[in-house]
Amino acid sequence: MAQITRRQFIQIGGASAGALAVGSGLATKWWGLDRDPIPDPETDGDKVVPTFCELCFWKCGVLAHVKNGRVTKLKGNPAHPLSRGRLCPRGTGGVAQLYDPDRLKQPLVRVNKRGEEVFEEVSWDKALDEVAGKLLAVREKYGPEALALFTHGYGGSWFSHLVKAYGTPNIGAPSYAQCRGPREVGYGMTFGQGLGSPESIDIENARCLVLIGSHLGENMHNTQVQEMATAIGHGCELVVVDPRFSTAAGKARYWLPIKPGTDIALLLAWTNVLISEGRYDAEYVTKYATGFDELKKHVADKTPEWAHPITGLKPELIRESGRFLASFRPATLIHPGRHVTWYGDDTQRARAMAILTALLGAWGRRGGYLLPSPLEIPKFPYTAYSYKPKAPVDRPASLYPLADETLASGLCDATIPGKSAYPIKSWFVYGTNLLQVLPDPRQTRQAIQELDFIVSVDIYPSEICGWSDVVLPECTYLERCDEVWSPAYKQPFVAVRQAAVEPMYESKPGWWIARELAQRLGLKDYFPWKDSVEYAEHRIKAAGLDCATLKSTGVILGKRVPTCEEEGAQLSFSTESQKIELFSKTLAAAGHDPLPKYTPVEEPPPGMFRLLFGRSPVHTFGRTVNNRFLSQIVDENELWLNTDIAADQALKSGDQVVLVNQDGVKSNPIKVKVTQRIRGDCVYMIHGYGHTAKGLRFARGRGASDSELCTRYKVDPIMGGTGMNVNFVRLERPESA
Amino acid sequence: MKSRYAMTMDTQRCVGCQSCVLGCKAENDLPEHGFRDWVVVETRGEFPTLTQEIRSQRCNHCSEPACVTACPTGASHVAVGGTVLVNYDKCSGCKACIAACPYSARYVHAKGYIDKCTFCLHRVQRGEAPSCVDICPTRSLTFGDLSDPDSEVSQQLRGRKHKVLEPERGLEPNLYFLQ
């Protein structure tokens with residue numbers, strides 16, 4: 001808040017407004033001698049720094065307004081292809097993250113037992129010496145591969161580089177096996193490439209958008225939500241498959257309130273309708289795909305009538321919606337989803353979606369899936385890593401050969417003795433609260449107890465920090481320059497993250513922490529730059545781009561190359577057959593179903609409900625739950641409960657319940673939201689609540705934790721993803737105090 | 001012709017994300033739990049036959065503003081473009097305007113005066129759109145001058161089915177919801 005009084009600054013504002021208002025026809029109304037002023041809150045910065053957001057992983061272009069050394073507000077950067085001048089609600093909340101009084105302020109060294117959250121504040125020198133000493137001891141005793149890095153967020157690149165130089169291959173991001181991994185493999189098996197981030201899908205030109213459990217609009221991937229609105233403005237129709245009447249379902253021509261876990265049956269029935277009624281793109285399939293005959297045979301009996309008892313959807317609804325979505329091909333976009341680790345058959349569900357996409361002829365076509373390309377920025381010319389690391393330890397040799405990234409959950413498993421080829425004895429955790437991210441936090445805590453050493457780099461004193469031996473306070477994204485970013489996207493670009501203000505407290509940027517550790521680990525030569533700005537400038541210059549331009553605009557666009565057939569792109573597929581593989585020989589060879597099959601999911605026992613979780617537009621996982629600005633909109637999660645079920649249980653909105661899962665694990669009390677908007681066999685809550693960390697003074701004790709209730713998960717046999725929608729809960733009244 | 005500022009809100013595009021609400025708070029440096037705009041989600045029907053409307057709401061800047069009539073000190077007044085403003089210096093915080101406003105558009109600011117949406121006139125007079133319009137990811141909000149038949153808002157109201165809230169009160173609200 002401004003230090004001058006409101007009245008003072010109204011006077012100032014009034015004076016300047018008068019000067020600017022010349023010729024605007026400003027109505028003047030006089031009350032005695034006072035003219036009514038136009039109030040000006042004067043939040044515009046005296047400088048504006050372009051950077052990109054870190055409130056979520058989408059990384060929108062942001063303009064940070066800085067006034068008298070403080071960030072006053074954040075706006076969307078109009079030049080940036082992801083924000084297009086707009087921000088999602090979380091993006092505006094970056095200021096409250098920067099000025100959060102609960103931020104980590106000083107390096108911490110653990111005093112009591114792990115998990116007791118008792119620390120001593122120490123100097124950076126002491127903390128860094130401690131970390132380096134322990135990491136050297138682990139390497140000495142067990143070898144470099146005994147270190148695992150868990151990382152999430154764009155600051156993680158410095159630490160990936162550091163631990164590769166140290167000699168470990170064990171670098172895992174939960175964004176793979178706990179999130180989008182099955183999708184990458186499922187689409188990869190079909191089209192020869194996954195989707196990455198941001199996905200190059202053409203929502204804005206789609207004429208029909210099909211969401212399979214994706215709750216876009218609550219899930220605020222800024223660009224995708226913008227494009228969905230644009231498409232709706234053009235008359236795009238929505239088909240939404242969700243046990244819950246999501247925001248998107250409220251805009252849909254067809255809402256299919258499917259029984260949870262049965263999506264593959266619906267997708268096969270739609271495939272049956274398309275093929276049996278000749279509604280697929282035969283020319284496209286003949287030209288580009290292989291395995292159509294096998295597919296046709298496979299779905300011949302997968303009629304809407306067959307899917308009806310499985311999905312709970314009427315055959316007419318399945319048939320009619322299938323015909324409807326086919327009528328817009330090729331501009332029918334089956335959205336690939338993002339967080340797709342649900343039931344352990346997730347790669348096969350992604351396959352079924354990819355196959356349907358192929359039948360619609362929507363891959364490489366306008367309004368479907370576009371072909372992305374990056375703006376090529378040469379890598380920094382680092383010295384080659386001297387260690388020849390062993391194979392990662394995240395999965396047993398015979399399992400999940402088709403996974404194309406390291407499994408974070410696998411690294412956690414491997415830490416428990418007797419489960420892996422070699423021991424993991426040390427964890428380096430960057431920006432990911434593993435106790436909320438990995439399924440079954442009991443197992444995560446058990447693994448941590450097996451470690452010789454664990455260090456966390458974070459901005460918040462999250463639960464994982466409380467279980468760490470050393471905690472290093474990173475500054476927020478508004479206080480640092482990170483690695484440059486040039487993803488493969490339909491519009492190639494390169495963006496920079498620049499510091500809007502100096503780091504607060506004793507917090508330090510990630511690049512500094514990594515470089516300081518490198519010096520202490522004898523890896524100094526791997527960080528041959530003064531700071532991240534020098535590093536970034538080197539890469540930008542090497543690409544032949546102008547640093548000054550990039551600094552002033554935050555983003556440089558690359559030349560757009562044809563992204564679809566309509567623009568002249570030639571389709572090619574880097575699968576084994578060089579075609580779209582409807583029937584996957586690769587999967588068959590690995591011992592999996594070459595065509596997706598529906599396998600029945602376990603039903604909730606009587607009196608229990610399937611626990612589903614999702615997103616709020618104003619929060620990102622548990623990372624923003626302590627953000628007091630965003631929490632003015634949502635400050636706890638609620639349990640969505642079907643109206644009829646609530647009546648049976650004599651519950652009304654606002655009543656508190658405790659959830660007890662199949663393993664007897666109890667949640668914190670959570671408020672019930674009684675609603676018609678959900679089926680009766682499941683309950684739903686926003687993920688990320690129920691924090692227990694003492695340092696999160698605002699978040700602590702608010703709402704219930706879905707993570708603690710996810711004590712069971714079903715592993716995807718194809719790529720090792722952890723399906724987490726397999727937990728059941730019953731509702732109990734909280735014990736009165 | 002005298003300008004008549006208005007806003008349209010496209011209920012089909014809006015996802016209720018609350019960027020408008022938080023963007024407004026940041027732009028206007030509003031106190032904790034002070035809001036000049038808010039989101040309403042209205043669901044009708046019974047599972048599974050449901051319909052939903054999402055609205056981003058704020059002061060309607062009525063052409064016949066009950067709040068201005070009710071204000072005993074002259075703090076609430078009509079400014080450029082028919083925008084209803086509060087002169088904080090003149091406001092005694094008596095809340096007569098809050099009682100008079102059927103849209104609950106006003107709240108008591110932490111500093112004692114009554115606060116409400118200003119259509120971000122401080123931005124408008126610089127040629128910028130109000131903050132909520134500027135930040136909205138779905139471009140659901142449009143601000144403009146109804147006295148100009150070529151303005152985007154005028155065109156939208158000619159071309160789209162729309163409604164205002166509680167028209168029967170005769171306050172002539174200027175926040176239009178496109179259906």
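Nothing here was measured: the structure is a model prediction, and the numbers come from that model. (Residues numbered from 1 in each chain as written. Chains lettered and ligands numbered in written order. Predicted model: local features only at pLDDT ≥ 70, side-chain atom pairs only at ≥ 80, totals over all residues.)

**Thoughts on the overall build of chain A**
- For chain A, the count of helices and strands is 23 helices and 28 strands.
- A compact globule built from 737 residues should have a C-alpha radius of gyration of about 27 Å, and chain A, at 27 Å, falls within 12% of that.
- For chain A, the spread of C-alpha atoms along the principal axes amounts to about 80 × 75 × 65 Å.
- A total of 737 residues make up chain A; the buried ones form 60% of that total.
- Excluding contacts between residues fewer than 6 apart, the proportion of contacts in chain A whose partners are at least 24 apart in sequence is 73%. (Helix = DSSP H or I, 4+ residues; strand = E, 2+ residues; numbered from the N terminus. Rg over C-alpha atoms; globule rule 2.2 N^0.38 Å. Buried ≥ 20, exposed ≤ 12 C-beta atoms within 10 Å, placed from the backbone. Contact = placed C-beta atoms within 7 Å.)

**Comments concerning the overall build of chain B**
- Regarding its fold elements, chain B presents 6 helices and 10 strands.
- Rg of the C-alpha trace for chain B: 16 Å, near the compact-globule value of 16 Å for 179 residues, within the 12% margin.
- Overall, chain B is about 50 × 40 × 35 Å in size when its C-alpha atoms are taken along their principal axes.
- Burial status across chain B gives 50% buried among its 179 residues.
- Contacts in chain B between residues far apart in sequence, at least 24 positions, make up 57% of those at least 6 positions apart.

**Quick notes on the interface of chain A and chain B**
- Listed per partner, the contact involves 53 residues of chain A and 45 residues of chain B.
- Counting residues per element, the ones that place at least two in the side of chain A that touches chain B are helix H1 (6–20), strand E5 (70–76), helix H2 (89–92) and helix H7 (222–233) of chain A.
- For the side of chain A that touches chain B, the residue count by class is 27 nonpolar, 16 polar and 10 charged. (Nonpolar A, V, L, I, M, F, W, Y, C, P; charged D, E, K, R; others polar.)

**What to know about the sheet that holds strand E8 (residues 141–145) of chain B**
Residue and element names in this part refer to chain B.
- Ordered in space as E8-E1-E10-E9, the 4 strands form an open sheet in which the pairing is mixed. Sheet topology places E8 and strand E9 (162–163) at the edges, where each strand pairs with a single neighbour.
- In the sheet, strand E1 (residues 5–10) pairs with strand E10 (residues 175–178) via 4 bridges, with the strands oriented parallel. Within E10, the residue paired with Thr-8 across the bridge is Tyr-176. (Pairing = 2+ DSSP bridges.)

**Topic: the confidence of the model for chain A**
- In this model, chain A carries an average pLDDT of 94, and 95% of its residues clear a pLDDT of 70 or more.
- Here residues 1–33 of chain A is a poorly scored stretch, pLDDT under 50, and it has 42 contacts once near neighbours within four places are set aside; other chains count. (pLDDT = per-residue confidence, 0-100.)

**Quick word on the pairing of strand E24 (residues 670–675) of chain A**
All names here are of chain A.
- Two elements, strand E22 (residues 638–642) and E24, share 5 bridges in a ladder whose sense is parallel. Each bridged residue has a counterpart across the sheet, and for Asn-642 the counterpart in E24 is Thr-675.
- Where strand E23 (residues 656–661) and E24 come together, 2 bridges link them in antiparallel fashion. The residue bridging Val-657 from the neighbouring strand is Ile-670, located in E24.

**Some remarks on the domain arrangement of chain A**
- We note that the domain assignment places domain 1 (6–35), domain 2 (47–98), domain 3 (201–370) and domain 4 (609–732) within chain A.
- Domain 3 of chain A puts 17 residues into the contact, and the matching count from domain 4 of chain A is 24 residues. (Domains from an automatic or database assignment.)

**Thoughts on the sheet that holds strand E16 (residues 453–458) of chain A**
Residue and element names in this part refer to chain A.
- One open sheet accounts for 7 strands, arranged E7-E6-E17-E16-E15-E8-E9; its pairing is mixed. Edge strands, defined here as strands with exactly one partner in the open sheet, are strand E7 (119–121) and strand E9 (171–172).
- Where strand E8 (residues 147–151) lies against E9, 2 bridges are found, and the strand directions are parallel. Residue pairing for E9: Leu-149 is matched across the bridge by Ile-171.

**Digging into unusual backbone geometry**
- For the bond running from A:Ser197 to A:Pro198, omega is -5 degrees, close enough to zero to count as cis.
- As for its position among the elements, A:Pro198 is in the loop between helix H6 (174–191) and strand E10 (208–212).
- At A:Phe621, a residue that is not glycine, the phi angle is positive and equals roughly 45 degrees.
- For A:Phe621, the location among the structural elements is in the loop between strand E21 (609–614) and E22.
- The backbone of B:Ser104 sits at a positive phi, close to 50 degrees, despite the residue not being glycine.

**Section: the packing of helix H8 (residues 263–276) of chain A against helix H12 (residues 315–326) of chain A**
Residues and elements named next belong to chain A.
- Two elements in contact, H8 and H12, have axes whose closest approach is 9 Å; the angle formed by their N-to-C orientations is 65 degrees. Where H8 crosses over H12, the two elements pack in a sense that is right-handed. Together, Leu-266, Ala-269, Trp-270, Val-273 and Leu-274 of H8 and Ile-318, Arg-319, Gly-322, Arg-323 and Ala-326 of H12 make up the contact between the two elements.
- Looking at the contact of H8 with H12, its residues break down into 7 nonpolar, 1 polar and 2 charged. (Axes fitted to C-alpha atoms, helices over the stretch in contact; angles between N-to-C directions. Left-handed = near helix turned anticlockwise from the far one by under 90°.)

**What about the nonpolar core?**
All names here are of chain A.
- Residues Leu-209, Leu-266 and Val-683 are the most contacted members of the largest nonpolar core, which totals 273 residues.
- Counting residues per element, this core draws most heavily on H8, at 10 residues.
- If we skip the residues at most four places from it in the chain, Val-683 touches Phe-609, Leu-611, Leu-612, Leu-639, Trp-640, Leu-641 and Val-729. (Core = buried A, V, L, I, M, F, W, Y, C linked by C-beta atoms within 7 Å.)

**Observations concerning the environment of B:Ala6**
All names here are of chain B.
- With respect to the secondary-structure elements, Ala-6 resides in strand E1.
- The spatial distance from the C-alpha of Ala-6 to the C-alpha of Asp-145 is 6.1 Å, given a sequence separation of 139 residues.
- Not counting residues up to four positions away in its chain, the partners in contact with Ala-6 are Gly-144, Leu-146, Val-153, Asn-174 and Tyr-176.

**Some remarks on the pairing of strand E28 (residues 728–732) of chain A**
All names here are of chain A.
- In this sheet, E28 lies alongside E21 in antiparallel orientation, the contact comprising 2 bridges. Of the residues in E28, the one forming a bridge with Phe-609 is Val-729.
- Here E23 runs beside E28; their pairing, made up of 4 bridges, is antiparallel. In the strand pairing of E28, Val-658 is matched with Glu-732.

**A closer look at helix H14 (residues 408–415) of chain A**
Residue and element names in this part refer to chain A.
- Buried residues dominate H14, accounting for 8 of its 8 residues.
- Those residues of H14 not exposed but buried are Ala-408, Ser-409, Gly-410, Leu-411, Cys-412, Asp-413, Ala-414 and Thr-415.
- Buried positions along H14 lie against E8, E9, H6, helix H16 (441–449) and strand E27 (722–723).

**Notes on the confidence of the model for chain B**
- Within chain B, residue pLDDT values average 97, and 100% of them lie at 70 or more.
- Here the predicted complex scores 0.95 on pTM and 0.97 on ipTM.

**What to know about the environment of A:Ala326**
All names here are of chain A.
- Looking at where Ala-326 falls in the secondary structure, it is placed in helix H12.
- Here Ala-326 falls in the buried class, since 21 other C-beta atoms lie within 10 Å of it.
- Through-space distance from the C-alpha of Ala-326 to that of Gly-344 is 28 Å; in sequence the pair is 18 residues apart.
- Those residues in contact with Ala-326, other than ones at most four positions away along the chain, are Leu-274, Arg-279, Thr-332 and Leu-360.

**With respect to the environment of A:Leu333**
All names here are of chain A.
- Tracing the backbone shows Leu-333 in strand E14 (residues 332–334).
- Measuring from C-alpha to C-alpha, the distance between Leu-333 and Thr-357 comes to 7.3 Å, with 24 residues separating the pair along the chain.
- For Leu-333, the residues in contact, after removing those within four places along its chain, are Ile-201, Asp-202, Ile-203, Ala-206, Leu-209, Val-210, Ala-362, Gly-367 and Gly-368.

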